[in-house]
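# Fold and contact review
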Amino acid sequence: MSHTTTGTEPAQPPPEDDRAFFGQPRGLMTLSGLEVWERFSFLGMQAILVLYFADTVANGGLGMNPGTAASVSAAYGTLVYLVSVAGGWLADRILGSYRAVLYGGILIACGHYAMAVPTATMTWVGLGLISAGTGLLKPNVASMVGKLYRTEDERRDAGFALYYMAINIGAFAGPLITGWLGDHAGWHWGFSAAAFGMTLGLIQYVLGRRHLAGRKHSAEFALAPGPMRRAVLMIVAGAVLVAVVATALALAGWLTMDRFVDVLTVISVIAPVVYFVVMFRSPRVTAEERGRLRPYVVLFLASVVFNFILFQAYSTMMLLASTNARTEIFGFHFPASWYASALGAFEVALAPVVAAVWARMGPRQPHASNKIAFGVILGGLSFLLMVLPTSGHADDSYKMAAWWIVGSYLLLGLGDVLLETSGMSATTKLAPKAFASQTMALWFLSLALANGIQAQIVKLYGEVSNPAYFGVNGAVAVVAGVAVIAAAPWLKRTMHPVH
């Protein structure tokens with residue numbers, strides 16, 4: 001395995017970078033800046049994607065019914081996060097984290113530019129490119145953030161909270177721009193704005209590369225030249241084979257959209273099971289590291305439950321907002337997709353508060369498992385809240401006040417800040433050394449599984465009453481969060497060095 005650094009640039013950033021960004025390493029600013037624009041493009045597009053799918057062909061949409069539109073949107077999310085496994089492996093074994101993130105960003109930008117072309121074919125091509133690019137970028141950016149800190153550095157959780165606040169600036173701004181363009185100029189103009197945002201993110205990432213820790217030209221656990229060539233050939237051949245088979249099955253009428261969604265759901269269930277088995281059995285994982293993986297399974301499942309709720313902020317909640325929520329506040333009218341910005345706004349506002357609280361409490365702060373449990377419970381409460389305004393109506397022509405959805409997103413935003421920052425931080429601490437980037441990819445596999453389950457459950461949206469839909473899903477999440485709290489004594493014993 002190669003551990004050498006080629007070129008003249010150091011593997012570590014300059015020493016003065018250590019506290020240059022609000023007491024955090026300056027590299028955090030570079031990585032947060034990239035994620036601002038990646039989230040601007042990804043969630044800006046996501047906020048209008050389900051509405052684009054459900055809109056009529058005459059209005060420039062694809063004419064799907066609401067349940068199908070939500071299911072296909074969730075399946076796209078499943079594919080995005082499934083590919084993150086390959087992205088983590090490629091970074092560890094072939095590309096290195098820096099190049100994996102760079103190439104991923106380029107693919108994402110190309111995907112958004114493709115979606116700007118007003119044809120259905122280019123929409124699917126663009127979604128494929130974005131899926132591949134996000135799979136390269138997402139797990140490796142989070143892993144690079146973890147490399148900025150030593151394991152015992154108490155700034156780590158606060159740093160991840162600031163990182164999460166920064167990326168949610170993009171989550172707030174993206175739907176505002178893409179939503180307005182989609183509503184006033186056309187859906188594909190909204191996709192164009194997402195492409196522009198990703199391009200800006202790539203520019204600042206390259207300009208700030210010298211501040212990144214461990215920026216090596218080779219992978220940290222690189223394959224030997226022979227196996228590397230064989231791996232690249234197998235990847236290329238496999239991609240071509242999958243494309244040919246999928247095209248043939250689609251032309252033969254077997255690979256319908258519904259079946260494709262079902263296949264992705266099955267893969268999203270199998271993939272994390274297989275991945276956990278591989279890591280538990282790997283001879284490169286020590287007994288101590290294997291012991292820390294066991295509590296990680298609980299955190300993984302908690303992430304699945306919460307993100308099953310969270311991702312519906314961009315599917316069923318968007319559909320509900322577009323049909324049954326008022327789109328005006330104090331006389332100001334706005335596109336329904338702007339509700340998605342409320343989630344980003346709350347996370348921007350709450351993340352520094354949470355970071356400051358954890359920093360002030362220091363070693364007295366709640367254990368990471370309890371932070372995650374509180375996040376899951378808040379996610380469930382955000383859905384339970386929606387039972388109130390959707391109940392007691394004779395038909396579906398009612399319009400709820402905007403504050404109901406805003407309030408739901410407030411609970412969801414706080415839950416997201418608690419769970420994701422603690423979850424990602426814990427992952428970088430619990431990761432076996434030989435699977436560093438890949439274990440972060442495993443965290444994103446929890447997002448794939450959440451989307452895979454969502455792709456099936458959202459088919460019930462519109463088929464059952466809204467109070468039943470939101471009430472049952474919310475109650476399940478609350479019960480899951482309470483179960484994690486009940487397991488806290490065991491988790492605290494087994495999650496060292498996580499506090």
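Residues numbered from 1 in each chain as written. Predicted model: local features only at pLDDT ≥ 70, side-chain atom pairs only at ≥ 80, totals over all residues. Heavy atoms only, no water.

### Points about the overall build of the protein
Selection rule: Only runs of H or I of at least four residues qualify as helices and only runs of E of at least two qualify as strands under DSSP, and these elements are numbered from the N terminus. Buried means the residue's accessible area, taken with a 1.4 Å probe over protein chains only, is under 20% of the maximum for its type, while exposed means over 50%, and partly exposed covers the values in between. Contacts were defined at the residue level, with two residues in contact if any of their heavy atoms lie within 4.5 Å. Using a 1.4 Å probe, accessible areas were evaluated by the Shrake-Rupley method; residue-level cover was limited to the displayed protein chains.
When helices and strands are tallied, the protein shows 17 helices and two strands. Across the 499 residues of the protein, 56% fall into the buried class. A sequence separation of at least 24 residues applies to 83% of the contacts in the protein between residues at least 6 apart. Only carbon and sulfur atoms are counted for the fraction: they give 70% of the accessible area of the protein, which is about 20000 Å².

### Considering helix 11 (residues 339-361)
The condition is simple: Residue count minus one, scaled by 1.5 Å, sets the expected span of a helix. Fitting one axis to the seven residues ending at a residue and another to the seven starting there, the bend at that residue is the angle between the two axes.
Here helix 11 is 23 residues long and its end C-alpha atoms lie 33 Å apart, about the 33 Å a rise of 1.5 Å per residue gives. Helix geometry: helix 11 is bent most strongly at L350, by close to 30°, with proline P352 lying one to four residues after it. Every buried residue belonging to helix 11 is among Y339, A340, S341, A342, L343, G344, E347, A351, V354, A355 and W358, and all of these are buried. Directly after helix 11, the chain includes G362, whose backbone phi takes a positive value near 55°.

### Concerning the side chain of H112
Inspection of the secondary structure assignment puts H112 in helix 3 (residues 97-115). The class for H112 is buried, based on a relative accessible area of 0%. Among all residues touching H112, those that are not within four sequence positions of it are S41, F42, M45, I130, F191, A194 and A195.

### Structural notes on helix 1 (residues 26-54)
Helix length check: helix 1, at 29 residues, gives a terminal C-alpha distance of 43 Å against a target of 42 Å (1.5 Å per residue), a fit within 8%. Of all the bends in helix 1, the greatest measures close to 30° and is centred on I48. The buried count for helix 1 comes to 25 of 29 residues, which makes it a mostly enclosed element.

### Considerations on the packing of aromatic side chains
What counts is decided by this rule: Each Phe, Tyr or Trp ring, with Trp reduced to its six-membered ring, pairs with another whose centre is within 6.5 Å; inter-plane angles below 30 degrees give stacked pairs, above 60 give edge-to-face pairs, and intermediate values give tilted ones.
Throughout the structure, instances matching the rule amount to 16 aromatic pairs. Judged by centre distance (6.0 Å) and plane angle (25°), the rings of F42 and Y76 are stacked. Of the two residues, F42 sits in helix 1 while Y76 sits in helix 2 (residues 66-95), which places them 34 residues apart along the sequence. Across the pair, exposure class does not vary: F42 and Y76 are buried alike.

### Focus on a nonpolar patch on the surface
Stated precisely, the cut-off is as follows: Residues with no salt bridge and a relative accessible area higher than 30% make up the patches, which join like charges within 9 Å and nonpolar side chains (Val, Leu, Ile, Met, Phe, Trp, Tyr) within 5 Å. Only one rule defines a salt bridge in this text: a Lys or Arg side-chain nitrogen within 4 Å of an Asp or Glu carboxyl oxygen.
Taken together, the side chains of V266, V269, I270, V274 and V278 present a nonpolar region at the surface, about 400 Å² in accessible area. With respect to the element layout, I270 can be found in helix 8 (residues 257-281). On the accessibility criterion, I270 (48% relative accessible area) is partly exposed.

### Focus on the environment of G190
With respect to the element layout, G190 can be found in helix 6 (residues 187-207). Since its relative accessible area comes to 0%, G190 is described here as buried. A sequence separation of 141 residues divides G190 from L49, and the C-alpha atoms of the two residues are 9.7 Å apart. Once you skip the residues sitting within four places of it in the chain, G190 turns out to touch I48, T178, L181 and G182.

### Details of the pattern of salt bridges
Any two side chains of opposite charge can pair if their charged atoms end up close together. Inspection of every chain in the model, using the stated rule, returns three salt bridges. A salt bridge links K138 to E35, with the shortest nitrogen-to-oxygen separation between them at 3.1 Å. Linking K138 in helix 4 (residues 120-146) with E35 in helix 1, this pair joins segments that are 103 residues apart in sequence. The two residues K138 and E35 agree in class, both being buried.

### So, the environment of C110
Here C110 is to be found in helix 3. Residues C110 and G133 lie 23 residues apart in sequence; the distance between their C-alpha atoms is 9.1 Å.

### A short note on the nonpolar core
Here is the rule: What makes a nonpolar core is a set of buried Ala, Val, Leu, Ile, Met, Phe, Trp, Tyr and Cys residues whose side-chain atoms join them at distances within 4.5 Å.
Counting residues in hydrophobic clusters, the biggest one holds 124 residues, and the most contacted among them are M45, Y205, Y339, I405 and Y409. A per-element tally of this core places helix 1 first, with 13 residues. Of all hydrophobic cores here, the second largest spans seven residues; its members include L90, L95, A100 and A231.

### Concerning the packing of helix 12 (residues 368-385) against helix 16 (residues 466-486)
Applied cut-off: Here an axis means a line fitted to C-alpha atoms, over the contact stretch when the element is a helix, while the angle between two N-to-C directions is reported on a 0 to 180 degree scale. An angle below 35 degrees is treated as roughly parallel, one above 145 as roughly antiparallel, one from 65 to 115 as roughly perpendicular, and anything else as oblique. Whether a crossing is left-handed or right-handed is set by the direction in which the near helix is turned from the far one by less than a right angle, anticlockwise for left-handed and clockwise for right-handed.
Helix 16 packs onto helix 12 with a crossing angle of 165° between their chain directions and a minimal axis gap of 7 Å. With respect to each other, helix 12 and helix 16 are oriented roughly antiparallel. As for how helix 12 packs across helix 16, the hand of that crossing is left-handed.

The quantities given are spatial measurements derived from coordinates; they are silent on function.
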